[in-house]
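# Per-entry structural report
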Amino acid sequence: RQRLNKRKGRLDLDHQQRLDHIGIYWEPRIQHLEKNKNGWNRMYFLLEEYKKKHGHPNVPKRYYTEDDGVKLGQWLDKQRVYKRKGELNADHERALEDIGVLWDPLMTRWEKNYLLLQQFHGREGHGNVPQGHEEDGTNIGKWLGKQREKRRNNKLDP
C-alpha cells in the first residue's frame, strides 16, 4: 500500500523518508532484476565460497547461505536437472565440473561405498561386514545392511 501511495503521490514525505532510511525497495521487481542481473555468476561465486569453506561444492539440496539465505542447494539441484535434460549451457557445465560438482551424488556415494567394501573384502577375505564397521570414516556396515534390505524388497537397482 505504501508503494501505491508513493506512485500516486499520496505518501507523506516524512513517511517516505523514514521508509527510505530502512532500505525499502520502491520497485521490488526492478530491484530483483538488478540484484540478480548476473544470477548464474552470482550463484557460481557462492558455490565457490561454499567449496572453500566445506572442501567440496556438493551442496545439500536444502542448504541456504548463512549471510543472506540464498537457496544455493536448490540452485545446484536445478543445474543437475538441466544437465540431465541436456539444457545446461556448455560453459556452465564445464565451470561446474572444473570445481568438482558431482552430477549424480547418490551414485557417486554408492560407488565410493562399494570401493570401501572391496577394500574390506581384500583385507578380510570376506564381505560379511559388521553393522557398525567403519572403513576410512564411512560406516559401510550400515550401508551394506541397507543394500541387503533393498535386495530383499526387490528395490536394488540391477
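Report on the accompanying structure. (Residues numbered from 1 in each chain as written. Predicted model: local features only at pLDDT ≥ 70, side-chain atom pairs only at ≥ 80, totals over all residues. Heavy atoms only, no water.)

### Remarks on the nonpolar core
- In this structure, Leu47, Val59, Leu72, Trp75, Leu96 and Val101 are the most contacted members of the largest nonpolar core, which totals 18 residues.
- Where this core is concerned, the elements lending two or more residues are helix 4 (39–54), helix 5 (72–84) and helix 6 (90–98).
- Beyond its immediate stretch of four places on either side in the chain, Val101 contacts Leu47, Pro57, Asn58, Leu76, Arg80 and Leu96.
- Of all hydrophobic cores here, the second largest spans seven residues; its members include Leu116, Leu117, Phe120 and Val129. (Core = buried A, V, L, I, M, F, W, Y, C linked by side-chain atoms within 4.5 Å. Buried < 20%, exposed > 50% of the residue type's maximum accessible area, 1.4 Å probe, protein only. Helix = DSSP H or I, 4+ residues; strand = E, 2+ residues; numbered from the N terminus. Contact = heavy atoms within 4.5 Å.)

### A few points about the side chain of Gln147
- If you trace the backbone, Gln147 turns up in helix 8 (residues 140–152).
- For Gln147, a relative accessible area of 9% puts it in the buried group.

### As for the packing of aromatic side chains
- Using the criterion set out here, one finds five aromatic pairs in the structure.
- Between Trp110 and Tyr114, the ring centres sit 5.4 Å apart and the planes meet at 5 degrees, which makes this aromatic pair stacked. Here Tyr114 and Trp110 lie together in helix 7 (residues 105–124), a separation of four residues that amounts to about one turn.
- Between Trp110 and Trp143, the aromatic rings sit 5.6 Å apart at their centres with planes inclined by 70 degrees, giving edge-to-face as the arrangement. (Phe/Tyr/Trp six-rings, centres within 6.5 Å; stacked < 30°, edge-to-face > 60°.)

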